[in-house]
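Here are the chains, one letter per residue:
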Amino acid sequence: MVALRIALRYLLSRKSHNAVNVISAVSVAGVAVATIAIVCVLSVFNGFTRLAYDRISLIDPDLMIVAAEGKTIANADSLCRAVAALPPVAHVAPMVSDQGLAIYNGRQMPVQIIGVDSLFSRIVKIDSVVIDGDFMLRDDHWRYASLSVGVAIALGARPGYYDYLALYTPRRTGRINPANPMGAFRSDSLIVGSVYQVEETAYDTDGVIVPLETARNLFDYTAEATSLAVSLRPGFTENESAAEVGKALGDHYRVLTRLQQESESFRMISVEKWITFLMLAFILVIASFNVISTLSMLIIEKTPNMATLRALGASETTIRHIFVWEGWLISMLGGIAGIVLGVILCLAQQWGGFIKLNGDPSKLSISTYPVAVELTDILAVAALIFVTGLLVALITAAIQSKRR
């Protein structure tokens, strides 16, 4: 370890030429700043991912059961009773979801009709996202529809008995009479009971929640469902419960966790995150090459010392290892400092929220940039710094070999 001890001495001691000291500090600072940027950007992506997960947890069930093949579950009502008997399950309810046309007060738009039953409000936190009216499916006289904010705006609808919301869907069965085009559609009318807003585009654009029997009537179903919504008892995790429920149901059904229900959205966030990581990693590599120029000047300055070491019996391999260690130490010093400072900045933002989002706070769902530090990201950054430092060290060794 003689080479490492000498490299540490060169790293910490003051150089005879002040320019070498300045360039060394700049090299360390460059690696540190690039590392801080990587840590902070990855943490911001994590923050937005957690924010999106918290939003979908208000409207998506803990687990969703769908058919492994085909669109519908034929025996949905009996399957609900079987699933409800499983230990992790608190509530289970059938759902019917498909496309239709909504007409209100002369305006029309295509919508996603979602049929649910009375257990739906126990399975998801639908009441927490209602921004106008009260969520209900029916009372003694009326049946109600709950509109996403996008549908409410497009149709000019709001809760109340102002007008009926008419829903139309193509007939799934039976023959069509060309002389009666409207006979090709099934229709129903409801009162608008509430408007909800999840603040996620996928949910707020075209959703219309209606009673389950209304949806089944519109789509020509009897006991069928397109999915089963499941809520879990306290203490049961999604992944373990999904595996247990899936094992009990067999290969004819798929059990999806919340992340799997919105896999495309979260996959896109993950892809954007790691593409950004690669771009910033390239910047870190460029910053690390400043270390090579620092080491080149250090090699020139320490040429007399190298002659002394050779006279004392040091081999060329030992001398080369000194500068390999020196390059690796400079890169690691900047990288570790960057990781520590980046984590401190992210934790400060997470707890204090000192960086605000632009815009009117009254119109924003959040006012500060969301961040979340994850250990896997820190380990990925540390691995990148280690590899970059090793690359710098090997290039430095090659430069030293040519100066013999």
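Check the entry above for the structure.
The structure displayed is predicted, hence computed values, not measured ones.

Asker: An account of the overall build of the protein is requested, with residue identities and associated values reported.
Answerer: Helix and strand counts for the protein come out as 13 helices and ten strands. Each of the 404 residues in the protein was classed as buried or not, and the buried ones make up 45%. Relative to all contacts within the protein whose residues are 6 or more apart in sequence, the contacts with residues 24 or more apart total 80%.

Asker: How would you sum up the pairing of strand β10 (residues 253-257)? Please name residues and give values.
Answerer: Within a regular strand, side chains alternate between the sheet's two faces. Counted residue by residue, β10 has four buried out of five residues, so it is predominantly covered. Pairing of strand β1 (residues 63-67) with β10, which is carried by five bridges, proceeds in the antiparallel orientation. By the bridge assignment, L63 is partnered in β10 with T257.

Asker: Describe in detail helix α3 (residues 76-84), supporting the description with residues and values.
Answerer: Within α3, the full set of buried residues consists of A76, L79, C80 and V83. With its buried residues spanning 110° around the axis, α3 presents them on a single face. Buried residues in α3 make contact with β1, β2 (89-104), α7 (212-218), β9 (227-232), α8 (238-249) and β10.

Asker: Lay out the pairing of strand β6 (residues 160-170) in plain terms, naming residues and giving numbers.
Answerer: Two elements, β2 and β6, share three bridges in a ladder whose sense is antiparallel. Note on β6: the bridge partner recorded for I103 is A166. As defined by bridge partners, β6 adjoins strand β7 (residues 185-196) across eight bridges and the pair is classed as antiparallel. Bridged to L165 within β7 is L190.

Asker: Which residues make up the nonpolar core, and what are the values?
Answerer: Ranked by internal contacts, the top residues of the largest apolar core, which has 45 residues, are I65, V83, L147, L165, L167 and L228. Element by element, the count of residues in this core is highest for β2, at five residues. Aside from chain neighbours lying at most four places away, what touches L167 is L101, A102, V111, I113, R186, S187, D188, L190, V210 and L218.

Asker: Give me the lowdown on the pattern of salt bridges, citing residues and values where you can.
Answerer: Counting across every chain of the model gives nine salt bridges. Between R143 and D188 there is a salt bridge; the shortest N-O distance is 2.9 Å. Of this pair, R143 sits in the loop between β4 (130-133) and β5 (144-148) while D188 is found in strand β7, placing the two residues 45 residues apart along the sequence. Notably, a salt bridge pairs R258 with E238, separated by 3.0 Å at the nearest N-O pair. Taken together, the residues R258 in helix α9 (residues 258-261) and E238 in helix α8 connect sequence positions 20 residues apart.

Asker: So what about the state of the cysteines? Which residues, and what values?
Answerer: Evaluation of the coordinates by the stated rule reveals zero disulfides. Lacking any disulfide linkage, C40 is separated from the closest cysteine sulfur, that of C346, by 3.9 Å.

Criteria and thresholds
Residues numbered from 1 in each chain as written. Predicted model: local features only at pLDDT ≥ 70, side-chain atom pairs only at ≥ 80, totals over all residues. Heavy atoms only, no water. Helix = DSSP H or I, 4+ residues; strand = E, 2+ residues; numbered from the N terminus. Buried < 20%, exposed > 50% of the residue type's maximum accessible area, 1.4 Å probe, protein only. Contact = heavy atoms within 4.5 Å. Pairing = 2+ DSSP bridges. Arc of directions from axis to C-beta. Core = buried A, V, L, I, M, F, W, Y, C linked by side-chain atoms within 4.5 Å. Salt bridge = Lys/Arg side-chain N within 4 Å of Asp/Glu carboxyl O. Disulfide = S-S within 2.5 Å.

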